[in-house]
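Okay, here's what each chain looks like letter by letter:
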Amino acid sequence: MLSLKDILSGGKTAAKEMERGKMKITISRDVDKKQEVLFLGLFEEDKHNYKSFNNKLAVELQKEKTFSGKFNEMHLSLVSDLTCKRIVVVGLGKNKEFNLEKLRGSLGKMVSKTKSLKCSSFSTNVVDLVKNKFDKELLGRAAAEGLLLANYNFTKYLSKEKQEKKRLVSIASLAYPAGDVSFSKGLKTGRIIAENSNLVRDLVNEPANVVNSSYLEKLAKKVAASSGKISLKVLNKEELEREGMGSMLGVNAGSANPPKLIILQYKGAGEGKYTAVVGKGITFDSGGYNLKPTKYIEDMKIDMAGSAVALALIKTAAELGLKKNVMGVMAICENMVSSKAQRPGDIVTAYNGKTIEIGNTDAEGRLVLADALAYTEDKYRPEVMIDLATLTGACVVALGYYAAALVTKDEELSKKLKLAGENSGDKVWPMPFFDEYQDWMDGSISDLNNISQKGKGYEAGSITAGVFLSKFVNTDKVKWAHLDIAGSAYWSVDGAYLGKGATGSGVRVLSYWLLEN
Ligand code: BES
Ligand code: ZN
Ligand code: ZN
């Protein structure tokens, strides 16, 4: 599978670059002591289990009274009579509390420990130890995801010497019984999902002076061409004007980069309705005339994460060969200030004819999604439409980093997305979409205002943003859900298998959901 750099260069990058992040995952009957580091899992309740494996290690652990087997506690052993360089005992916590998310985390920690030991290969028995607790395909997926997501780094702007220090793990060898077809299938699926999540991470981590609308168009073209299973349509400024997408055009008015609506279609089921994924693609969100202050503006290159997920998801669907029709819509704009930029108080007309007063130029995501959602529904008549957006700061306040906010009126869709979130570790959390909020975005001299007109204006910010979007979807005709990934898309803290920075949030939950439904 190609990396972002390979895709853009047509595969002509140096062999070393091509191998970037390409961790090999192998399966062997027993732990493979030829690898440099050996990680042995230990549940809290099984502290004396290693006698049979290696007597010296058991003696050492018994002497070392501090090792308790708590989850992700690590004991670097001094025992050195094996062919591998180092042995590390890894705590797995309580057996009954172990789940697939912990497996991702445990494998992720092994990846980072291997790197910090300046090694590049490891072997472990952990997957084998826990295998009977889980569905084998989900086990394989989680294993590949934990490993490959943890092995990601974004080092291209560092000097060669600094890049060297952040080397990657090249082999992870998992002890596991031979011939388990479901597990192998899970590993393959997990690899596709993880590598596409890493593509999103690359796009989100790239600065806004690189990732602009032309860059994303070029990338979408390469993805479609190299897949051979994806068709592409790009609406440029003139077409957006002709189609009457005044809401989206207003957002881009201050930018030197042109707006684009990029539509990718994957037809895995022949005839039949599409599942549409519509992504917010603000390549930089300065806030516009309602300019963002210092400490809030710096990270706003991430504001295209939703559209990156839309692209990566179609690529994932094609690589998995899903028997479904799936389309991705990337609504690309840049929210800038200039004499041409839109002003607070301006009124624009959206694709569906509704007028919107711009109460705040920084509430731009909903404006681009309004047109993208209404257009997608009108032209493609999808069965389900999911939008993804780094939409509100309120979402980060409410949920932090570890879940996307889910807004929908469709109970069944909500349950399915929540389950896909739990299974994939890319969690979503439903917000109460109460009737009381449904008129909070109504305008006074226009149909709608892009900021809430009730109360102090900021209450239930991620719900009222969802209310606004819902006015551009005929929810009686199409199943619709909105995922606010403002917190989950980009972390400023390290996790067990996802580091600081872009996470690829949205790819895993929606891939799992597509695979299940
Ligand atoms: N892109 C931001 C939301 C955001 C904030 C994403 C933090 C990621 C991290 C969005 O366009 C925005 O500025 N929303 C405003 C809306 C408000 C003016 C109603 C916000 O949340 O402050
Ligand atoms: Zn904004
Ligand atoms: Zn924004």
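Coordinates for the structure precede this section.
Residues numbered from 1 in each chain as written. Chains lettered and ligands numbered in written order. Predicted model: local features only at pLDDT ≥ 70, side-chain atom pairs only at ≥ 80, totals over all residues. Heavy atoms only, no water.

1. Observations regarding the overall build of the protein chain
As a reminder of what qualifies: Each helix corresponds to a stretch of at least 4 residues labelled H or I by DSSP, and each strand to a stretch of at least 2 residues labelled E; elements are numbered beginning at the N terminus. Radius of gyration here is computed from C-alpha atoms only, and the compact-globule reference equals 2.2 Å multiplied by the residue count raised to the power 0.38. For each residue, the accessible area found with a 1.4 Å probe, counting protein chains only, is set against the maximum for its type, and the residue is called buried under 20%, exposed over 50%, and partly exposed in between. The contact rule is simple, with two residues in contact once any of their heavy atoms fall within 4.5 Å. All accessibility values rest on the Shrake-Rupley procedure with a 1.4 Å probe; residue burial counts only the protein chains present in the view. Positive charges come from Lys and Arg, negative ones from Asp and Glu, while His and the chain ends are left out of the count. Charge placement uses NZ in Lys and CZ in Arg. For Asp and Glu, CG and CD serve respectively.
Helices and strands together make up the secondary structure of the protein chain, namely 17 helices and 19 strands. Relative to a compact globule of 517 residues, whose C-alpha radius of gyration would be 24 Å, the protein chain shows 24 Å and is just as compact. Sorting the 517 residues of the protein chain into buried and exposed places 56% on the buried side. Across the protein chain, contacts joining residues at least 24 apart in sequence account for 77% of those joining residues at least 6 apart. Here the protein chain displays about 21,300 Å² of accessible surface, and carbon together with sulfur accounts for 51% of that area. The distance from the centre of the 74 positive side-chain charges to the centre of the 61 negative ones in the protein chain is 6 Å.

2. Section: the nonpolar core
Selection criterion: Residues enter a nonpolar core if they are buried and are Ala, Val, Leu, Ile, Met, Phe, Trp, Tyr or Cys, with the set joined through side-chain atoms within 4.5 Å.
Counting 95 residues, the largest nonpolar core has Leu103, Leu203 and Leu510 as its most contacted members. Residue contributions to this core peak at 10 residues, all from helix H12 (residues 305-320). Excluding its chain neighbours within four sequence positions, the residues that come into contact with Leu103 are Phe98, Val126, Val127, Val130, Leu139, Ala142 and Ala143. Met245, Ala350, Ile356 and Leu373 belong to the second largest nonpolar core, which has 52 residues in total.

3. Structural notes on the environment of Lys102
Structurally, Lys102 can be placed in helix H4 (residues 100-116). Look at Lys102 and you get partly exposed, because its relative accessible area is 22%. Distance from Lys102 to Glu411, taken between C-alpha atoms, is 28 Å for residues 309 residues apart in sequence. Apart from residues lying up to four places away in sequence, Lys102 is in contact with Phe71 and Glu97.

4. Side note on the coordination of the zinc ion (ligand 3)
The line we're drawing: Only nitrogen, oxygen and sulfur atoms qualify as donors, and only when within 2.8 Å of the metal (3.2 Å in the case of Na, K and Ca); with water excluded, sites may look incomplete.
Looking at the zinc ion (ligand 3), the protein donor atoms are Lys280 (NZ), Asp285 (OD), Asp303 (OD) and Glu364 (OE), and they sit 1.9 to 2.4 Å from it. Here the donor residues of the zinc ion (ligand 3) share one chain and are spaced in sequence as K-x4-D-x17-D-x60-E.

5. Let's talk about the site of ligand 1
Here is the rule we go by: Note on terminology: near, applied to a residue and a molecule or strand, indicates that one of the residue's heavy atoms is within 4 Å of it. Between N or O atoms, a polar contact is any pair within 3.5 Å; within protein, one atom must be a potential hydrogen donor and the other a potential acceptor, and residues adjacent in sequence are included only when both atoms are from side chains. Three classes are used: nonpolar for Ala, Val, Leu, Ile, Met, Phe, Trp, Tyr, Cys and Pro, charged for Asp, Glu, Lys and Arg, and polar for all others, with Gly counted as polar.
Taken together, the neighbourhood of ligand 1 is formed by 16 residues, with Asp285, Lys292, Asp362, Glu364 and Gly393 sitting nearest. Here a nitrogen atom of ligand 1 and a backbone polar atom of Thr390 are 3.4 Å apart. Out of a free accessible area of 520 Å², ligand 1 has 77% covered by protein chains. Looking at the shell around ligand 1 residue by residue, the classes come out as five nonpolar, four polar and seven charged.

6. Section: the coordination of the zinc ion (ligand 2)
On the protein side, the zinc ion (ligand 2) has Asp285 (OD), Asp362 (O), Asp362 (OD) and Glu364 (OE) as donor atoms, found 2.0 to 2.2 Å from it. Separating the zinc ion (ligand 2) and the zinc ion (ligand 3) is a distance of 3.2 Å, and Asp285 donates to both of them. Here the residue Asp285 occupies a position in strand S9 (residues 275-285), and Asp362 occupies one in the loop between strand S12 (355-357) and helix H13 (365-380), the gap between them amounting to 77 residues.

7. Here's the deal with the sheet that holds S9
Rules: For two strands to pair, DSSP has to find at least two bridges joining them. Working convention: axes come from line fits to C-alpha atoms, limited for helices to the stretch in contact. Angles between N-to-C directions cover 0 to 180 degrees.
Pairing is mixed across the open sheet formed by eight strands, whose spatial order is S7-S8-S10-S9-S13-S17-S14-S15. Each edge of the open sheet carries a strand with a single partner, namely strand S7 (230-235) and strand S15 (428-430). Averaged over neighbouring strand pairs, the angle between their axes works out to 20 degrees when direction is ignored. Where strand S14 (residues 404-408) and S15 come together, three bridges link them in parallel fashion. In the sheet register, Ala405 faces S15, and the bridge partner there is Trp429. Contacting S7, strand S8 (260-267), S9, strand S10 (325-335) and strand S13 (384-389), H12 crosses the sheet at an angle of about 155 degrees to S10.

8. Here's the deal with the sheet that holds strand S1 (residues 24-28)
Pairing in this open sheet of six strands is mixed, and the strands run S1-S6-S5-S2-S4-S3 from one edge to the other. Edge strands, defined here as strands with exactly one partner in the open sheet, are S1 and strand S3 (74-76). Across the sheet, the mean angle from the axis of one strand to that of its neighbour is 20 degrees, orientation sign disregarded. Sheet strands touched by H4: strand S2 (37-43), S3, strand S4 (86-93), strand S5 (121-124) and strand S6 (171-175). Its angle to S5, the strand with the most contacts, is close to 145 degrees.

9. Let's talk about the packing of helix H15 (residues 411-424) against helix H17 (residues 507-516)
The description of two helices packed together rests on the angle between their axes and the distance between the axes. Our working definition: Each helix crossing is assigned a hand: it is left-handed if the near helix lies turned anticlockwise from the far helix by less than a right angle, otherwise right-handed if that turn is clockwise.
H17 packs onto H15 with a crossing angle of 115 degrees between their chain directions and a minimal axis gap of 8 Å. In terms of crossing hand, the pair formed by H15 and H17 is right-handed. Here Leu413, Lys416, Leu417, Ala420, Gly421, Asn423 and Ser424 of H15 lie close against H17, whose contacting residues are Arg508, Val509, Leu510, Tyr512 and Trp513. Across the contact of H15 with H17, the residue classes tally to seven nonpolar, three polar and two charged.

10. Description of the pairing of S2
Of all the seven residues making up S2, seven are buried; the element is thus mostly covered by neighbouring parts of the structure. A two-sided burial pattern is seen for S2, the buried positions comprising Val37, Phe39, Gly41 and Phe43 on one face and Leu38, Leu40 and Leu42 on the other. Where S2 and S5 come together, three bridges link them in parallel fashion. By the bridge assignment, Leu38 is partnered in S5 with Ser123.

11. With respect to the side chain of Asp303
Its place among the elements puts Asp303 in the loop between S9 and H12. Only 3.2 Å separates the side chain of Asp303 from the side chain of Lys280, close enough to count as a polar contact. Setting aside residues up to four positions removed in sequence, Asp303 forms contacts with Lys280, Gly281, Ile282, Asp285, Glu364 and Thr390.

12. Brief notes about the packing of aromatic side chains
Two descriptors summarise a pair of aromatic rings, namely the distance from one centre to the other and the angle between the planes of the rings. To keep it simple, the criterion reads: Stacked, edge-to-face and tilted labels apply to pairs of Phe, Tyr and Trp rings (six-membered ring for Trp) whose centres lie within 6.5 Å, assigned for plane angles under 30 degrees, over 60, and everything in between, in that order. Consider the ring centre and the ring normal. A charge sits over the ring if Lys NZ or Arg CZ is within 6 Å of that centre and within 35 degrees of that normal.
Counted by the stated rule, this structure contains 13 aromatic pairs. Note on Tyr401 and Tyr402: the rings are 6.3 Å apart at their centroids and 70 degrees apart in plane angle, and the pair reads as edge-to-face. On the basis of relative accessibility, which here comes to 46%, the residue Tyr402 falls in the partly exposed class. Taking the ring centre of Phe71 as reference, the NZ or CZ of Lys102 above it sits at 5.3 Å.

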